Amino acid sequence: MTDYREPTQISDAGPGRADTPPAATDKGKGKAADKEGTDWWGEIKGLFWLILAVLAFHSFIAKPFYIPSESMMPGLVKGDRLVVSKYPYGWSWVSPSFHIMPETPGRLFGRLPERGDIVIVTPPGARADYIKRVIGLPGDRVEMIDGQVFINGVAVPRQILPPVRFPVDPNLPCTDAFGETRVMGDDGQLYCELPLVRETLPNGRAYDTIDMGHSNVDDVAPLIVPEGHVWLLGDNRDRSADSRVAIAEQGLGGPVPWQNIGGRAEFITFSLDGTSQYWNPISWFTAMRGGRAGTSLHPERVQAQPAAE
C-alpha cells in the first residue's frame, strides 16, 4: 500500500527554527486528496454503458415481462413474471425495449412463429405489448362458430377436461372477470373454479383454454390470413382482446403483421399474489405463489388428432 506520510526528518535548524510538524504535513495532504473527490464523469459513463448493455440484452436476447390480466388463463395468471426471448423470429421495429422506432415492414433474419407459440405482440398503430397465442398463419382460412375454431375448413379438436382451480387472492379475486365461480376447498381455502377445454392444433401442439360459455366474440366470419401476418387468440376465450376484437375496442383488429411480433414466451420465473408491499421486504417473499416458477410456456407436443369436419 502506498504510504503518503512524509518520512521523519532530523532537523538541522538552528535555535528558533523548526521544521513543519509531520501532523501538519499529513493534514495538508489529506486536504489535497479531498479536493480530488469522486470522478463523477467516470461514474456517469460507467452507468451509461451498464444501462446500454441491459437495454441491448433486453432488445436482442431476452426480456422479463409481467402479466397484468386474465386474458391468457389458465396458462398465465395475473401476477406471473416470465421471460420472453427476442431472437426466435428475428428482429423488427418492436424489438427494442422501448418502441421508439417508426413502424416499418419486414424483419431482420426473420421467420414465422409456429402455430401454438405464445408471443408478445404490439397492435398496429399502438405501442403497448400484448401476449397472445398464434393460431393462424399466412394463407390459412380461419373462422369461429360458437367458440369452435376452424382452420382451413377443419375444426380444431376440443376436449372437455375437469375444471381447474386457482386459489383466490388479490391478483385473482375471481369476481369481475368470471362472475361468481368461487368454491370452498376441503382445505378451507377459497378457490376460483373454471371450465377447462383442451385444443390440439393441426401440428399436434396442445394447450388448455378457459371457455365460460357463449360470448360476443365466439363467432368470427371466415377470413384468409394475409401474407406476412398471423392470427392470434387469448387462451381465456371470453376475456381476451385479440384478433377477434377491433383496435378501437383495445383489440388487435384482425390478423397482425409479423413485424409486430416482439418475441416468444419461454417460461415463468415467479408469480406474485398481489399482497407484496414495496416498503416491506418480507412481503416480497410471502407473496410468492408456489409451484409456478420454472413452468414452461411451450405448448405440449402430442400426436396430431384427426380433425372433425
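A few points on the structure.

Moving on to the overall build of the protein chain. Tallying secondary structure elements over the protein chain gives three helices and 16 strands in all. A sequence separation of at least 24 residues applies to 64% of the contacts in the protein chain between residues at least 6 apart. Only carbon and sulfur atoms are counted for the fraction: they give 59% of the accessible area of the protein chain, which is about 17300 Å².

Before going further, it helps to spend a moment on the packing of aromatic side chains. By the definition in use, this model includes two aromatic pairs. Plain terms: the ring middles of W91 and F109 are 6.4 Å apart, the flat faces sit at 85° to each other, and that makes the pair edge-to-face. Taken together, the positions of W91 in the loop between β2 (80-85) and β3 (118-121) and F109 in the loop between β2 and β3 put the pair 18 residues apart, joining distant regions of the chain. A relative accessible area of 23% places W91 in the partly exposed class. Each residue in the set F60, W91 and F109 is aromatic and connected to the rest through ring pairs, giving one cluster. The cationic tip of R107 hangs over the ring face of W258; the distance from NZ or CZ to the ring centre is 5.9 Å. The cationic tip of R133 hangs over the ring face of Y207; the distance from NZ or CZ to the ring centre is 4.2 Å.

Bringing a nonpolar patch on the surface into the picture now. Taken together, the side chains of L47, L50, I51 and V54 make up a nonpolar region of the molecular surface, amounting to roughly 360 Å² of accessible area. For L50, the location among the structural elements is in helix α2 (residues 40-60).

Here we take up the pairing of β2. Look at any regular strand and the pattern is simple: side chains alternate between the two faces of the sheet. The buried fraction of β2 is high, at five of six residues. Across five bridges, strand β1 (residues 62-66) lies against β2 in antiparallel orientation. Pairing of P64 across the sheet is with V83, part of β2. In terms of strand pairing, β2 meets strand β15 (residues 261-271) through six bridges, oriented antiparallel. From the neighbouring strand, L82 faces β15, where its bridge partner is I268.

Glancing now at the sheet that holds strand β7 (residues 154-155). One open sheet accounts for four strands, arranged β7-β6-β5-β12; its pairing is antiparallel. Only two strands of the sheet have a single partner each, and these edge strands are β7 and β12 (220-224). Bridging between strand β6 (residues 148-151) and β7 involves two bridges; their strand directions are antiparallel. Within β7, the position partnered with I151 by the bridge is V154.

A side chain with one charge may pair with a side chain of the opposite charge, provided their charged atoms come close. All chains considered together, the criterion is met by 16 salt bridges. Between R292 and D80 there is a salt bridge; the shortest N-O distance is 2.7 Å. Highlighted residues: R292 in the loop between α3 (281-286) and β16 (300-301) and D80 in strand β2, separated in sequence by 212 residues. You can call R292 buried: its relative accessible area is 15%. Residue class for D80 comes out buried when judged on its relative accessible area of 0%. One salt bridge connects R198 with E300, and the closest N-O pair in it is separated by 2.9 Å. Note that R198 is positioned in strand β10 (residues 190-200) and E300 in strand β16, a separation of 102 residues in sequence. Note on E300: relative accessible area 40%, which makes it partly exposed. Overlapping salt bridges, with partners in common, bring together D80, D169, R289 and R292 in one network.

So, on to the sheet that holds strand β4 (residues 130-136). Strand order in this open sheet of seven strands is β1-β2-β15-β3-β4-β13-β14, and the pairing throughout is antiparallel. The open sheet is flanked by β1 and β14 (256-257), the only strands paired with a single partner.

Our next topic: the side chain of D211. Structurally, the position occupied by D211 is in the loop between β11 (205-210) and β12. Reaching out from D211, the side chain makes a polar contact with the backbone nitrogen of G213 at a distance of 3.1 Å.

Pairing between strand β8 (residues 158-167) and β10: eight bridges, direction antiparallel. Among the inter-strand pairings, V164 is bridged to a residue of β10, identified as L194. Pairing analysis gives three bridges linking strand β9 (residues 182-184) to β10, with the strands arranged antiparallel. Paired with V183 across the strands is Y191, a residue of β10. Joining the antiparallel neighbours β9 and β10 is a turn of five residues, in which G188 adopts a positive phi near 85°.

With that settled, the discussion passes to the environment of L196. Relative to the assigned elements, L196 resides in strand β10. You can call L196 buried: its relative accessible area is 10%. Remark: the alpha-carbon pair of L196 and M73, spanning 123 residues in sequence, is separated by 9.9 Å.

Scoring rules and cut-offs
- Residues numbered from 1 in each chain as written.
- Predicted model: local features only at pLDDT ≥ 70, side-chain atom pairs only at ≥ 80, totals over all residues.
- Heavy atoms only, no water.
- Helix = DSSP H or I, 4+ residues; strand = E, 2+ residues; numbered from the N terminus.
- Contact = heavy atoms within 4.5 Å.
- Areas by Shrake-Rupley, 256 points an atom, 1.4 Å probe, with all protein chains shown as cover.
- Phe/Tyr/Trp six-rings, centres within 6.5 Å; stacked < 30°, edge-to-face > 60°.
- Buried < 20%, exposed > 50% of the residue type's maximum accessible area, 1.4 Å probe, protein only.
- Lys NZ or Arg CZ within 6 Å of the ring centre and 35° of its normal.
- Patch = residues over 30% accessible without salt bridge, like charges linked within 9 Å, V, L, I, M, F, W, Y side chains within 5 Å.
- Salt bridge = Lys/Arg side-chain N within 4 Å of Asp/Glu carboxyl O.
- Pairing = 2+ DSSP bridges.
- Polar contact = N/O pair within 3.5 Å; in protein donor to acceptor, adjacent residues only side chain to side chain.

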